[in-house]
Amino acid sequence: MTLTMRVVNLVDKLRLQKFFVEKDNKAHLKFVEFSPARVEDLLDKVIRTKGQAYRPNQFEKEVLKDLDF
């Protein structure tokens, strides 16, 4: 399964369609209704971290550095 289809399936499962709008055959986030606190709470429920903060591995750090983030 492609990455795009996995993201689409995840959006469907988490019922996040209301945060997106389609325009010119592209999906855009709707920032008017976007609540970072609600999304963070939802992600905390879905992705278990056992009370630990997320720590990116060396590969992730290198990729982000290459992307100039």
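Now for a description of the structure that goes with this document. Just so it is clear, the model here is predicted, and its values are computed rather than measured.

## Here's the deal with the overall build of the chain
Tallying secondary structure elements over the chain gives three helices and two strands in all. Each helix and strand of the chain, placed in order from N terminus to C terminus, yields the pattern α-β-β-α-α. Taken over C-alpha atoms, the radius of gyration comes to 15 Å for the chain, far larger than the 11 Å a tight globule of 69 residues would show. For the chain, the C-alpha atoms occupy an extent of roughly 35 × 30 × 30 Å along the three principal directions.

## Structural notes on the pairing of strand β2 (residues 26-29)
Judged from the four bridges that link them, strand β1 (residues 20-23) and β2 form a sheet pairing that is antiparallel. Within β2, the position partnered with F20 by the bridge is L29. Linking β1 to β2, which pair antiparallel, is a turn of two residues; within it D24 sits at a positive phi near 55°.

## Re the environment of F19
With respect to the helices, strands and loops of the structure, F19 is situated in the loop between α1 (3-13) and β1. Along the primary structure F19 and Q58 are separated by 39 residues, whereas in three dimensions their C-alpha atoms are 32 Å apart.

## Considering a nonpolar patch on the surface
Taken together, F59, V63, L64 and L67 make up a surface patch of nonpolar side chains, about 380 Å² in accessible area. Judged by relative accessible area, which is 31%, V63 ranks as partly exposed.

## Quick look at helix α3 (residues 58-66)
Of the residues that open α3, the one with a side-chain oxygen 3.2 Å from the backbone nitrogen of F59 is N57. Of the residues trailing α3, D68 is marked for its positive phi of about 65°.

What counts and what doesn't
- Each chain has its residues counted from 1, running along the sequence as written.
- pLDDT decides what is reported in this predicted model: residues at 70 or higher carry local features, side-chain atom pairs at 80 or more are listed and counted, and totals for whole chains, interfaces and linings draw on all residues regardless.
- Think of the side-chain values as coming from all heavy atoms in the structure, minus any hydrogens and water.
- Numbering of helices and strands runs from the N terminus; a helix is a DSSP stretch of H or I covering at least four residues, while a strand is a stretch of E covering at least two.
- It is over C-alpha atoms that the radius of gyration is taken, and the globule rule equals 2.2 Å times the number of residues to the power 0.38.
- Any two strands with at least two DSSP bridges between them are considered paired.
- Here a patch means residues that are over 30% exposed by relative accessible area and free of salt bridges, tied together within 9 Å if like-charged and within 5 Å if nonpolar (Val, Leu, Ile, Met, Phe, Trp, Tyr).
- Only the protein chains shown count as covering a residue, and every accessible area follows the Shrake-Rupley method with a 1.4 Å probe.
- Only one rule defines a salt bridge in this text: a Lys or Arg side-chain nitrogen within 4 Å of an Asp or Glu carboxyl oxygen.
- A simple rule labels every residue: compare its accessible area, found with a 1.4 Å probe on the protein chains alone, to the largest value its type can have, and call it buried under 20%, exposed over 50%, or partly exposed in between.
- A 3.5 Å cut-off defines polar contacts: any pair of N or O atoms within that distance qualifies, except that in protein one atom must be a possible hydrogen donor and the other a possible acceptor, and neighbouring residues in sequence count only when both atoms are side-chain atoms.

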